[in-house]
Protein chains: 6
Amino acid sequence: MGSREAIQRDGKVYLSRRYKFAAAHRLYSDKLSQEENERVFGKCANPQGHGHNYELVVTVAGPVDSLTGMCIDLSRLDDAVKGYILDRYDHRHLNLDVEDFLETVPTGENIARQIWSLLEPVLGGERLYRIKLVETRDNYFEYYGDHEASI
Amino acid sequence: MGSREAIQRDGKVYLSRRYKFAAAHRLYSDKLSQEENERVFGKCANPQGHGHNYELVVTVAGPVDSLTGMCIDLSRLDDAVKGYILDRYDHRHLNLDVEDFLETVPTGENIARQIWSLLEPVLGGERLYRIKLVETRDNYFEYYGDHEASI
Amino acid sequence: MGSREAIQRDGKVYLSRRYKFAAAHRLYSDKLSQEENERVFGKCANPQGHGHNYELVVTVAGPVDSLTGMCIDLSRLDDAVKGYILDRYDHRHLNLDVEDFLETVPTGENIARQIWSLLEPVLGGERLYRIKLVETRDNYFEYYGDHEASI
Amino acid sequence: MGSREAIQRDGKVYLSRRYKFAAAHRLYSDKLSQEENERVFGKCANPQGHGHNYELVVTVAGPVDSLTGMCIDLSRLDDAVKGYILDRYDHRHLNLDVEDFLETVPTGENIARQIWSLLEPVLGGERLYRIKLVETRDNYFEYYGDHEASI
Amino acid sequence: MGSREAIQRDGKVYLSRRYKFAAAHRLYSDKLSQEENERVFGKCANPQGHGHNYELVVTVAGPVDSLTGMCIDLSRLDDAVKGYILDRYDHRHLNLDVEDFLETVPTGENIARQIWSLLEPVLGGERLYRIKLVETRDNYFEYYGDHEASI
Amino acid sequence: MGSREAIQRDGKVYLSRRYKFAAAHRLYSDKLSQEENERVFGKCANPQGHGHNYELVVTVAGPVDSLTGMCIDLSRLDDAVKGYILDRYDHRHLNLDVEDFLETVPTGENIARQIWSLLEPVLGGERLYRIKLVETRDNYFEYYGDHEASI
């Protein structure tokens, strides 16, 4: 058996659950010149912003409880995502309404990482496995945490 | 044969083509009080707006050309939708950037009707059959024109 | 302009909204013999039943309110579907838990018609346009009411 | 009640069923010059052809049988589509393998009409309501028959 | 090159194939009190059960045969899934008809693990990589085996 | 923390982007007898070929740039995929038009590997993480490169 299988076959079940939020955003950085903003972000830098139906897929992993047959308490997961993410981002303009992105460009990359850092303390680092953020039909971002950061 | 079949069986082919645009909007009317705005539009009335990945499905109908086997020149359709709709709405804040919605609330209903009135003069009233606007995964709006208006 | 266009172009907007419920059912009729049940319904006649994730798409139609830009009060629609349909069918065994199907086979056809007859009195016959019931990825049923019945 | 409702509310259930076939085709007509072929069909005129995963949605309509709760015998529908369409088109090069398109350009329009004319005699003109052919994610064709032709 | 790449880049192709089955189930354990069952499983504990359209995605991995260009004999995979899983679960009430779940709660977690243990001996532990079970549009479960168990 | 987490938590963001191409292909090898071709490839060996709407999902990984908030220059990715893959495969007959498959059977496995070997030199081995090729609704292939080959 190769090294890959040895690592993957951890006996855990990986549960993924999809959530949605609709938000406006603008890709623009004060630290870049107007020309650089337009070159890097294109029409995403339009002044008033645009928007997306974001899909958020949260994957948690764990051994299966022999009594309940479940790897996580679903209502606990739903409460965490609703309380820490959806109530914060849904139907907001990310750049203007949400402090997480007052200084940080709300790219898919940064939103995914920010969601990780909001959920990890609540769900536990052992349990949270992946944040997947679907921005458009043809674009998605995945983040698995940062070993360095979590040490 | 019932009356329905008699009307439907018109020998035409109905071609539907899907386009996309991402935009921000806010549901809010100056003509309503703050309380009414909140009651009618809920969180969609948040001041800075939110956003969606809109899907636009344009259906045109016509008899099939015996030589080309087609019911419309596709590049003409694409050019019309790009020039009159996508360039106008994509990556915009509908309330702030687009004159169509300076006075009109950009609900799905109004966006669909506005797209109809922009495309009908270009594609021709005989040809344009339906505007379908998908706002979220679970919500869409269809508009077939207004016989009264077009007389 | 042909007869089809004259009828379709009613100036209304058609709003469709998707709901979900998960239910068990069994296709079996006491009025048929065991052999006939198996021939007509195949494995759907298995004694203990099986199940589906049903998608219900409700389409309502109406003129657009010039003030709100909407063709229906969405919360009224959601309340009606939740109160009259989802609370009744979701996470139930249709044949055993729901009186609608104690005497009637819960085929997609019958479920769609039953949902129509439950929603029409609440939403109004002028407003309700279509019930679409998606039973599996490759099967769906549409019902538009019965003119005879509604006279 | 407006004329539209009077026609639509026919008490029938409309059952739609999805089928798939994968085929190669080339859009090219011997009756057009090379230049015209390229202008009309673009890269679809490439000599060796290209291909699609076609989705075929067949809609049949009928009153619901009070005993079985069904509007059509599904196995009869499946047999007809398999025998007359899928066995004929699936895993074929439409222009080279299928006589229907030796003289006729296999556009989506023509394939949809051809499927109608193959299925209508088998399923019956009262029953067959619509042929929908999905050619790509963003393109589909619908055909409802031709009243003139069927008289 | 980091450790991740070293492990992932195994030169294999991972083939995933989607299957479907419709089944009823009930989440309830005799080992829990009625109150605990309701707290843990909510409406999923309703006595008569409910149901789902399950999607099963089986991923197998292997080096590519230089002659056929394939990493597995597809008909062998289809036969295994049909014979060992679909014939066993499709159109069944999992709790009442299938011995696998007479003692075990048929949660998504347990169904995924059970499918793994049914397929691994047939397909071979070297070849079977992942079982993915999609229970609803917004919920899925993945299982990669258990290294401990397979030693 | 187990070995899996240690490897996965690399602080990178994985960006996936979906592209499409429509192509014809035939599964057939000159090195196999006619009987073997039919046994291995079934109807996919039909002489004139058939076709698919292929979806190509390219996943690249990298640390997030602190200024732009992005892990890759998207236009560079789009240019590479368009120039090296889509212009080469889209609206082609893979066996007849594309030199990559004059000697090699264009199975999903081989197309995925070939796309990897065309994109890796352009995007860089550190950056390209996965090639996913969706051939039909129910079939997809993933390739992560070959560590042996890249040494």
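Cut-offs used in this document
Residues numbered from 1 in each chain as written. Chains lettered and ligands numbered in written order. Predicted model: local features only at pLDDT ≥ 70, side-chain atom pairs only at ≥ 80, totals over all residues. Heavy atoms only, no water. Helix = DSSP H or I, 4+ residues; strand = E, 2+ residues; numbered from the N terminus. Buried < 20%, exposed > 50% of the residue type's maximum accessible area, 1.4 Å probe, protein only. Contact = heavy atoms within 4.5 Å. Areas by Shrake-Rupley, 256 points an atom, 1.4 Å probe, with all protein chains shown as cover. Buried area = accessible area lost by both parts, 1.4 Å probe. Salt bridge = Lys/Arg side-chain N within 4 Å of Asp/Glu carboxyl O. Polar contact = N/O pair within 3.5 Å; in protein donor to acceptor, adjacent residues only side chain to side chain. Pairing = 2+ DSSP bridges. pLDDT = per-residue confidence, 0-100. Nonpolar A, V, L, I, M, F, W, Y, C, P; charged D, E, K, R; others polar. Phe/Tyr/Trp six-rings, centres within 6.5 Å; stacked < 30°, edge-to-face > 60°. Axes fitted to C-alpha atoms, helices over the stretch in contact; angles between N-to-C directions. Parallel < 35°, antiparallel > 145°, perpendicular 65-115°, else oblique. Left-handed = near helix turned anticlockwise from the far one by under 90°. Least-squares fit on C-alpha atoms with pLDDT ≥ 70 in both. Expected span 1.5 Å × (residues − 1). Disulfide = S-S within 2.5 Å.

## Notes on the overall build of chain A
- Helix and strand counts for chain A stand at 6 helices and 5 strands.
- Beginning at the N terminus, the succession of helices and strands in chain A can be written as α-β-α-β-α-β-α-α-β-β-α.
- Each principal axis of the C-alpha atoms in chain A carries an extent, and together these give about 55 × 35 × 30 Å.
- With 151 residues in all, chain A has 59% of them scored as buried.
- Across chain A, every contact between residues at least 6 apart in sequence was considered, and the portion connecting residues at least 24 apart equals 67%.
- Entry remark: accessible area of chain A is about 6,000 Å², with carbon and sulfur atoms responsible for 46%.

## Re the interface of chain F and chain E
- Between chain F and chain E, the residue contacts involve 34 residues of the former and 28 residues of the latter.
- Around 2,800 Å² of area is buried between chain F and chain E when both sides are counted, 49% of it from carbon and sulfur atoms.
- Put simply, chain F and chain E have 1 salt bridge between them.
- The partner of F:D138 in a salt bridge is E:R18, and the shortest N-O contact between them spans 3.6 Å.
- There are 11 residue pairs in polar contact (both at pLDDT 80 or more) connecting chain F and chain E.
- Secondary structure elements with two or more residues in the side of chain F that touches chain E: α1 (3-8), α2 (34-41), α5 (108-123), β4 (128-136), β5 (139-143) and α6 (147-150) of chain F.
- Summarising the sheet, strand β1 (residues 13-25) of chain E and β5(F) pair through 5 bridges and their orientation is antiparallel. Its bridge partner being in β5(F), E:Y14 is matched across the sheet by F:E142.

## Focus: the confidence of the model for chain A
- Mean pLDDT over chain A stands at 93; residues scoring 70 or higher make up 93%.
- Listed scores for the predicted complex are pTM 0.96 and ipTM 0.94.

## Quick word on the interface of chain A and chain E
- Residue-level contacts link 28 residues of chain A with 34 residues of chain E.
- There are 1 salt bridge connecting chain A and chain E.
- In this assembly, chain A and chain E are joined by 12 residue pairs in polar contact (both at pLDDT 80 or more).
- If you list the elements that add at least two residues to the side of chain A that touches chain E, you get α1 (3-8) and β1 (13-25) of chain A.
- Of the residues in the side of chain A that touches chain E, the class split is 14 nonpolar, 6 polar and 8 charged.

## Some thoughts on the side chain of E:S16
Residue and element names in this part refer to chain E.
- Position of S16 among the secondary structure elements: in strand β1.
- For S16, a relative accessible area of 1% corresponds to the buried category.
- A polar contact is formed between the side chain of S16 and the side chain of T59, at a distance of 2.7 Å.

## Section: the packing of aromatic side chains
All names here are of chain F.
- Taken as a whole and assessed by the stated rule, the structure comprises 42 aromatic pairs over all chains.
- With 5.8 Å between their ring centres and 90 degrees between their planes, W116 and Y143 make a pair best called edge-to-face. Taken together, the positions of W116 in helix α5 and Y143 in strand β5 put the pair 27 residues apart, joining distant regions of the chain.
- By relative accessible area, which is 6% here, Y143 ends up buried.
- Consider the rings of Y129 and Y144, whose centres lie 5.4 Å apart with planes at 75 degrees: the pair is edge-to-face. Of the two residues, Y129 is situated in strand β4 and Y144 in the loop between β5 and α6; the sequence distance between them amounts to 15 residues. Of the two residues, Y129 and Y144, neither departs from the other in class, the shared state being buried.

## Remarks on unusual backbone geometry
Residues and elements named next belong to chain A.
- Here the phi dihedral of H91 falls at roughly 60 degrees; this positive angle occurs in a residue that is not glycine.
- By the element assignment, H91 lies in the loop between α3 (74-89) and β3 (92-93).
- You can call H91 buried: its relative accessible area is 9%.

## Quick notes on the packing of helix α3 (residues 74-89) of chain B against helix α5 (residues 108-123) of chain B
Residues and elements named next belong to chain B.
- Running from N to C, α3 and α5 point in directions that differ by 140 degrees, and their axes come no closer than 10 Å. In this view, α3 runs oblique relative to α5, as classed from their interaxial angle. Considering the relative orientation of α3 and α5, their crossing is right-handed. Of the residues in α5, those touching α3 at R76, L77, A80, V81, Y84, I85, R88 and Y89 are I111, Q114, I115, L118, L119, V122 and L123.
- Looking at the contact of α3 with α5 residue by residue, the class counts come to 12 nonpolar, 1 polar and 2 charged.

## Digging into the relation of the copies chain A and chain E
- For the pair chain A and chain E, the best superposition has an RMSD of 0.0 Å and corresponds to a rotation of 120 degrees with a translation of 0.0 Å parallel to the axis. Taken together, the turn and the small shift mark the pair as related by a three-fold rotation axis.

## Some details on the pattern of salt bridges
- Summed over all chains, the structure comprises 59 salt bridges over all chains.
- Of the charged contacts in the structure, one is a salt bridge between C:D90 and E:K43, with a shortest N-O distance of 2.8 Å. With one member in each of two chains, C:D90 in the loop between α3 (74-89) and β3 (92-93) and E:K43 in the loop between α2 (34-41) and β2 (50-62) form a pair that bridges those chains.
- Of the charged contacts, one joins F:R88 and F:D100 as a salt bridge, the two residues approaching to 2.6 Å between their closest N and O atoms. Taken together, the residues span a long stretch of sequence, with F:R88 in helix α3 (residues 74-89) and F:D100 in the loop between α4 (94-97) and α5 at a distance of 12 residues.
- Its relative accessible area of 11% is what places F:D100 among the buried residues.

## Some words on the environment of B:L74
- Tracing the backbone shows B:L74 in helix α3.
- B:L74 sits in the partly exposed class, given a relative accessible area of 22%.
- Considering only alpha carbons, one finds B:L74 and B:L94, 20 residues apart in sequence, at a separation of 27 Å.
- Here B:L74 is in contact with B:L15, B:R17 and D:N139, once residues within four sequence places are set aside.

## Side note on the side chain of C:R17
- In this fold, C:R17 is placed in strand β1 (residues 13-25).
- Of note is the side chain of C:R17, whose polar atom sits 2.7 Å from the side chain of C:D78.
- Leaving out residues up to four positions away in the same chain, C:R17 has contacts with B:D138, B:N139, C:L56, C:V57, C:V58, C:L74, C:L77 and C:D78.

## Overview of the pairing of strand β1 (residues 13-25) of chain F
Residue and element names in this part refer to chain F.
- Where burial is concerned, most of β1 is hidden: 11 out of the 13 residues are buried.
- Note: β1 against strand β2 (residues 50-62), 13 bridges, orientation antiparallel. Bridging from a neighbouring strand, S16 pairs with T59 of β2.
- In this structure, β1 lies alongside strand β3 (residues 92-93), joined through 2 bridges in parallel fashion. The residue bridging A23 from the neighbouring strand is R92, located in β3.

## So, the environment of C:S66
- Residue placement: C:S66 occurs in the loop between β2 (50-62) and α3.
- Measuring from C-alpha to C-alpha, the distance between C:S66 and C:L118 comes to 30 Å, with 52 residues separating the pair along the chain.

## A few points about the arrangement of the chains
- These two, chain D and chain E, are apart from each other, with no contact and a minimum C-alpha gap of 15 Å.
- With respect to C-alpha atoms, chain B approaches chain F no nearer than 15 Å, and the pair has no contact.

## Details of the environment of C:A23
- Along the chain, C:A23 turns up in strand β1.
- Given the relative accessible area of 0%, C:A23 is considered buried.
- Each C-alpha atom of the pair C:A23 and C:R92 lies 5.1 Å from the other, and the pair is 69 residues apart in sequence.
- Among all residues touching C:A23, those that are not within four sequence positions of it are C:H50, C:G51, C:H52, C:Y54, C:Y89, C:R92, C:L94, E:H50 and E:G51.

## Let's talk about helix α5 (residues 108-123) of chain D
- Relative to the 22 Å expected for 16 residues at 1.5 Å per residue, α5(D) spans 22 Å between its end C-alpha atoms, a close match to the ideal helical length.
- Within α5(D) the residues assigned to the buried category are D:G108, D:E109, D:N110, D:I111, D:A112, D:I115, D:W116, D:L118, D:L119 and D:L123.

## So, the state of the cysteines
- Scanning the entire structure with this criterion turns up 0 disulfides over all chains.
- No disulfide involves A:C71; its sulfur sits 14 Å from that of E:C44, the nearest cysteine.

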